[in-house]
Amino acid sequence: MSVEDGGMPGLGRPRQARWTLMLLLSTAMYGAHAPLLALCRVDGRVPFRPSSAVLLTELTKLLLCTFPFLVGWQAWPRGAPPWRQAVPFALSALLYGANNNLVIYLQRYMDPSTYQVLSNLKIGSTALFYCLCLRHRLSARQGLALLLLMAAGVCYAAGGLQNPGNLPSGPPPAAAASPMPLHITPLGLLLLVVYCLISGLSSVYTELLMKRQRLPLALQNLFLYTFGVLLNLGLHAGGGPGPGLLEGFSGWAALVVLSQALNGLLMSAVMKHGSSITRLFVVSCSLVVNAMLSAALLRLQLTAAFFLATLLIGLAVRLYYGSR
């Protein structure tokens, strides 16, 4: 298995075990994000500003990647600081920032279910940019695996989880009496296409940048998250009146910020030593974790669509990473 395929060639068992553990941890953190956010809700709503959570997450990432330099675990490159090499990371931060904000605006032009289903198109856009920018051709087997991954996401979004109150055996809750109808506007469709393209481009561009530069990962993270903090600080300040930076935060919210920050650092390592395709599989596999935690913590019920999605994810992993 090559680096382009998402593997780590020539690793001994201890390093391969650490790599596998890192991917499993990232999968668990991705999967835990939505259930943890649900546990943050007070009276049915999240009590803090989303921009506050994003800004605090970027700040935490910056502090964590600065720590190795402060304690001497990572040496600063000799000579003048390589600031010219830092500038390209501004585009990465801008692309990620644009994507995070597009997710919010998309909800105005379509219902959440339509968004969840159609957003799986970013798997295809990531694969497209991966082939174009990194000049790596996917085999027919790998292409089929990514199609299965998209299908798994659609199955899961279409009904992998269900509120027990919506089942025929029990009375429907008041909130479900008049559910939001499926809809998408032409502008929403256009924004969704832009969202998927930016998602794929941001992932592949960051991977290309990290692999081309001969700099330590900690230093590259320092550049990336410095721009991320500055960008999100501006977005938070320009977001108009609302709760303060820490207003409404609880222990669950702090856990959301910390887990997302750690996951961001893990994903940086994946981009540096693995590939954007590996990241797609991590995100898709996290659906299984998300469903299991939602069933355990939020008492949601797993449906046949969840088990079909799990089967498709397993087949996709086998096709893409299995022996050829």
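The shown structure was predicted, so the numbers you read here are calculated from the model rather than taken from an experiment.

Relative orientation of the contacting elements helix 7 (residues 140–159) and helix 11 (residues 276–297) amounts to 30°, with a least axis distance of 11 Å. Between helix 7 and helix 11, the angle falls in the class roughly parallel. Between helix 7 and helix 11 lies a crossing of left-handed hand. Where helix 7 abuts helix 11, its residues L146, L149, G153 and Y156 lie against I277, L280, F281, S284, L287, N290 and A291. A breakdown of the residues in the contact of helix 7 with helix 11 according to their chemical character gives eight nonpolar, three polar and no charged.

What follows covers helix 2 (residues 50–71). When the terminal C-alpha atoms of helix 2 are compared, their 32 Å separation across 22 residues agrees well with the 32 Å that a helix rising 1.5 Å per residue should span. Along its length, helix 2 shows its largest kink, about 25°, at C65, and proline P68 lies within four residues downstream of that point. If you check which residues of helix 2 are buried, you get S52, A53, L55, L56, T57, E58, T60, K61, L62, C65, P68 and F69. Of the surrounding elements, those touching the buried residues of helix 2 are helix 9 (217–237) and helix 10 (251–273).

Here is what the cut-offs are and how they apply
- Residues numbered from 1 in each chain as written.
- Predicted model: local features only at pLDDT ≥ 70, side-chain atom pairs only at ≥ 80, totals over all residues.
- Heavy atoms only, no water.
- Axes fitted to C-alpha atoms, helices over the stretch in contact; angles between N-to-C directions.
- Helix = DSSP H or I, 4+ residues; strand = E, 2+ residues; numbered from the N terminus.
- Parallel < 35°, antiparallel > 145°, perpendicular 65-115°, else oblique.
- Left-handed = near helix turned anticlockwise from the far one by under 90°.
- Contact = heavy atoms within 4.5 Å.
- Nonpolar A, V, L, I, M, F, W, Y, C, P; charged D, E, K, R; others polar.
- Expected span 1.5 Å × (residues − 1).
- Bend = angle between axes of the 7 residues up to and from the residue.
- Buried < 20%, exposed > 50% of the residue type's maximum accessible area, 1.4 Å probe, protein only.

Remember that the coordinates give geometry; whether it matters functionally is a separate question.
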